[in-house]
Amino acid sequence: AYSGVKLKRFLLLTDDFMIDCFWSEKKPSIWRRGNAPETWDWLLHCRGELATDAKSTALKKKLGTGNGYQYLTDIKSVASQPKLFFEFLNPNGTILRVHCLGKEEKIYTGTGMGVRLTEKVPFLLRRKNGQPRRFITFYDFSEGMKVKDIELLNPDGKDQFEVLRLKITGEKKSWLVKIDALDKRPKVM
């Protein structure tokens, strides 16, 4: 997408959930603005309504200019907390629960554009500074929310930044997931 930027993305899809792992880094010489760290944004927008139990505060300033940021309105800063999740209540009655896994990120919600410029839809934006960065997102679309708990077993990536381990506890079974961006073969046990 951008010269000097390296992106890796892995998706693991099951009948009940999807795990989305996104790694990004860039050459130190591009996008540099003085001594400020790089800013990385991850955005999800979906039709319907967005709900969360997390506390939020209205934001008076824009998150950015150009490149689509001009379409983001009604922005709120969401208080980070362990086990943070959001629910998109879709017009057809289904619910998409989105768990934001990881640390050191700021989270924002608001209204953005849909397929057409005139279509208004809720968005969820996660922002991290510095590099390299990884965004780990867990999408629960199981009927009745069968997934009860998600634990990131290496939240700091201390063993290796590009290796991810998750323990997912469901209503009737559990999963251990290892995704190794260097190996390129997700493993589910």
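This text goes with the structure placed above it.
Now for a description of the structure that goes with this document. (Residues numbered from 1 in each chain as written. Predicted model: local features only at pLDDT ≥ 70, side-chain atom pairs only at ≥ 80, totals over all residues. Heavy atoms only, no water.)

## Points about the pairing of strand 1 (residues 5–13)
Bridge count for strand 1 against strand 2 (residues 17–26) is nine bridges, and the pairing is antiparallel. Bridge pairing in strand 2 links Lys6 to Glu25. Counted along the chain from strand 1 to the antiparallel partner strand 2, the turn is three residues long. (Pairing = 2+ DSSP bridges. Helix = DSSP H or I, 4+ residues; strand = E, 2+ residues; numbered from the N terminus.)

## Quick word on the side chain of Thr137
Within the fold, Thr137 resides in strand 11 (residues 133–140). Overall, Thr137 belongs to the buried group, its relative accessible area being 1%. Looking at Thr137, its side chain comes within polar contact range of the side chain of Arg126, at 2.5 Å. Setting aside residues no more than four positions away along its own chain, Thr137 makes contact with Met18, Ile19, Asp20, Trp42, Val98, His99 and Arg126. (Buried < 20%, exposed > 50% of the residue type's maximum accessible area, 1.4 Å probe, protein only. Polar contact = N/O pair within 3.5 Å; in protein donor to acceptor, adjacent residues only side chain to side chain. Contact = heavy atoms within 4.5 Å.)

## Thoughts on the side chain of Glu119
The residue Glu119 is located in the loop between strand 9 (106–113) and strand 10 (120–129) in this model. On the accessibility criterion, Glu119 (12% relative accessible area) is buried. What Glu119 contacts, discounting residues up to four positions off in sequence, is Arg47, Gly112, Met113 and Gly114.

Any functional reading would require information beyond the geometric quantities listed.
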